[in-house]
Amino acid sequence: MATMDPANDAIFDQPDLFPAPESDVDVDVDVDVDVGFATSYRVTVTRTGKQWTATATDLPGGHIVQAQGTSWVEVRRNIGGLIVDLLKDEPGTIALHVVPADPEAAAALAAVIEARQARMLAEQAERDAVRHAARLLIAQEWTTRDAGSAMRLSHQRISRIVSAATP
């Protein structure tokens with residue numbers, strides 16, 4: 001006998017990365033390059049003793065900015081404040097890409113980000129597959145209990161999925 005698995009149901013507690021295919025939200029996939037994306041600046045961070053030092057190069061006007069802090073959070077906040085002060089007359093949004101100066105540490109953190117992005121995409125793919133399967137099985141006159149059992153979800157979850165897809 002298949003039972004409901006709470007872990008399978010939990011992914012529906014996370015927001016969709018994009019609107020569900022059956023939603024009324026109009027998604028425009030064309031990108032208008034004039035909308036003003038953020039300008040990104042790379043900041044490298046090194047640790048010396050108990051102190052972090054952040055350095056931002058390649059800023060407008062050839063400026064280089066350095067800040068220090070006793071924690072990763074503090075040094076990020078400090079360097080961000082200095083860059084905002086420097087660029088206060090520059091219109092637009094800035095984004096800081098803060099990375100350890102050590103290549104091995106930078107690669108390790110990049111791998112964490114990549115894994116998290118892959119997980120989010122996989123969870124979205126699972127939500128989309130479940131929605132499609134639920135609509136298909138119910139359209140084939142499966143009961144919500146049978147569809148839920150086959151996918152190890154509650155019949156209540158199947159009912160919510162199917163009713164959300166109904167216009």
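Definitions and limits used
Within each chain, residues carry numbers counting from 1 in the order of the written sequence. Residue-level local features of this predicted model are given only where pLDDT is at least 70; pairs of side-chain atoms are given and counted only at 80 or more, and the full residue set underlies all totals for whole chains, interfaces and linings. Side-chain numbers here rest on the full set of heavy atoms in the structure, without hydrogens or water. Stacked, edge-to-face and tilted are the three classes for Phe, Tyr and Trp ring pairs, Trp counted by its six-membered ring, which pair at centre distances within 6.5 Å; planes under 30 degrees apart are stacked, over 60 edge-to-face, the rest tilted. Numbered from the N terminus, helices here are DSSP runs of H or I no shorter than four residues, and strands are runs of E no shorter than two. Only protein chains enter the area calculation, which uses a 1.4 Å probe; residues under 20% of their type maximum are buried, those over 50% are exposed, and those in between are partly exposed. pLDDT: the predictor's confidence for each residue, scored from 0 to 100. Residues are treated as being in contact if the distance between any of their heavy atoms lies within 4.5 Å. N or O atoms within 3.5 Å of each other form a polar contact, as long as, within protein, one can give a hydrogen and the other can take it, and as long as residues adjacent in sequence are counted only when both atoms are side-chain atoms.

### Concerning the packing of aromatic side chains
Consideration 1: Enumeration over the complete set of coordinates arrives at 1 aromatic pair.
Consideration 2: Measuring from centroid to centroid gives 5.2 Å for Trp-52 and Trp-72, while their planes differ by 85°, and the two rings are edge-to-face. In this pair, Trp-52 sits in strand E2 (residues 51-56) while Trp-72 sits in helix H2 (residues 72-86), placing the two residues 20 residues apart along the sequence.
Consideration 3: Residue Trp-52 is classed as buried on the basis of its relative accessible area, which comes to 18%.
Consideration 4: Exposure remark for Trp-72: the relative accessible area of 25% places this residue in the partly exposed category.

### Observations concerning unusual backbone geometry
Consideration 1: The phi dihedral of Asp-58 is positive, around 60°, even though this residue is not glycine.
Consideration 2: Following the sequence through the fold, Asp-58 ends up in the loop between E2 and strand E3 (65-69).
Consideration 3: Phi is positive for Arg-152, which is not a glycine, with a value near 60°.
Consideration 4: When you line up the elements, Arg-152 lands in the loop between helix H4 (144-151) and helix H5 (155-165).
Consideration 5: Arg-152 gets classed as partly exposed once you look at its relative accessible area, which sits at 39%.

### What about the confidence of the model for the chain?
Consideration 1: Confidence in the prediction of the chain, expressed as mean pLDDT, is 86, and 86% of residues score 70 or more.
Consideration 2: Low confidence marks residues 23-35, where pLDDT is under 50. Its contacts with residues over four positions away, or in another chain, come to 4 contacts.

### Looking at the environment of Gln-124
Consideration 1: If you trace the backbone, Gln-124 turns up in helix H3 (residues 103-139).
Consideration 2: Residue classification places Gln-124 among the buried residues on the basis of a relative accessible area of 2%.
Consideration 3: On a C-alpha basis, the gap between Gln-124 and Gln-14 in space is 9.0 Å, while along the polypeptide they are 110 residues apart.
Consideration 4: When neighbours within four sequence positions are excluded, Gln-124 is seen to be in contact with Pro-15, Asp-16, Leu-17, Phe-18 and Arg-131.
Consideration 5: Within the structure, the side chain of Gln-124 is placed 3.3 Å from the side chain of Asp-16, a separation counted as a polar contact.
Consideration 6: A polar contact of 2.6 Å, which involves the side chain of Gln-124, links it to the backbone nitrogen of Leu-17.

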